[in-house]
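Coordinates in review
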Amino acid sequence: MADLNAIFDQMKARFNPAAAADTDAVFQYVIDGDAHWSVAVADGECQVAEGEHDAPTVTLNMDATTLEEVMSGETDGMQAFMTGRIQAEGDIMIATKLAALFPVS
């Protein structure tokens, strides 16, 4: 299984505050059905926390392999969504900002 702590630490390190200027959202990740992580973006800042958020803007369900591939740039997040590897609930349009908020170098 992927090291989720390392993946979400890397995500926070890649955060692009310039892309977050007009973004106020909470991205809830559900990995393998039972691991919950939230990524809150507001006021040009990013907070990552393990656990469920009370009011996520969008919830993204995927397996650990998909998360690892998307975060490494091996798989495009939109492509993973379109092929059913990522399921989204809530404000799906806000999820389209993820690539700009957390660019893969």
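Residues numbered from 1 in each chain as written. Predicted model: local features only at pLDDT ≥ 70, side-chain atom pairs only at ≥ 80, totals over all residues. Heavy atoms only, no water.

To continue, consider the overall build of the protein chain. Of the regular secondary structure elements, the protein chain holds five helices and five strands. Put simply, the protein chain runs from its N terminus to its C terminus through helices and strands in the order α-β-β-β-β-α-α-β-α-α. In terms of C-alpha radius of gyration, the protein chain reaches 12 Å, essentially the compact-globule figure of 13 Å for 105 residues. Structurally, the protein chain occupies a C-alpha span of about 30 × 30 × 25 Å along its principal axes. Within the protein chain, counting contacts between residues at least 6 apart in sequence, those at least 24 apart form 65% of the total. Computing the positive centroid from 4 side-chain charges and the negative centroid from 18, the protein chain places the two 7 Å apart. (Helix = DSSP H or I, 4+ residues; strand = E, 2+ residues; numbered from the N terminus. Rg over C-alpha atoms; globule rule 2.2 N^0.38 Å. Contact = heavy atoms within 4.5 Å. Lys, Arg positive; Asp, Glu negative; His and termini not counted. Charge placed at Lys NZ, Arg CZ, Asp CG, Glu CD.)

Moving on to the nonpolar core. Proteins that are soluble and globular tend to have nonpolar side chains buried together. If you look at the biggest cluster of nonpolar residues, it comprises 30 residues, and the most contacted ones within it are Phe 27, Tyr 29, Val 39, Leu 60, Leu 67 and Phe 102. Of all elements in the fold, only helix 1 (4-13), strand 1 (25-31), strand 2 (35-42), strand 4 (58-62), helix 2 (64-72), helix 4 (92-95) and helix 5 (98-101) reach the threshold of two or more residues within this core. (Core = buried A, V, L, I, M, F, W, Y, C linked by side-chain atoms within 4.5 Å. Buried < 20%, exposed > 50% of the residue type's maximum accessible area, 1.4 Å probe, protein only.)

Turning next to the packing of helix 1 against helix 2. The contact between helix 1 and helix 2 brings their axes to 11 Å, and the two run at 30°. In terms of orientation, helix 1 lies roughly parallel with respect to helix 2. The handedness of the crossing between helix 1 and helix 2 is left-handed. Contacts between helix 1 and helix 2 involve Leu 4, Ile 7, Phe 8, Gln 10 and Met 11 from the first element and Leu 67, Glu 68 and Met 71 from the second. Split by residue class, the contact of helix 1 with helix 2 holds six nonpolar, one polar and one charged. (Axes fitted to C-alpha atoms, helices over the stretch in contact; angles between N-to-C directions. Parallel < 35°, antiparallel > 145°, perpendicular 65-115°, else oblique. Left-handed = near helix turned anticlockwise from the far one by under 90°. Nonpolar A, V, L, I, M, F, W, Y, C, P; charged D, E, K, R; others polar.)

Function cannot be read off these values alone, since they describe shape.
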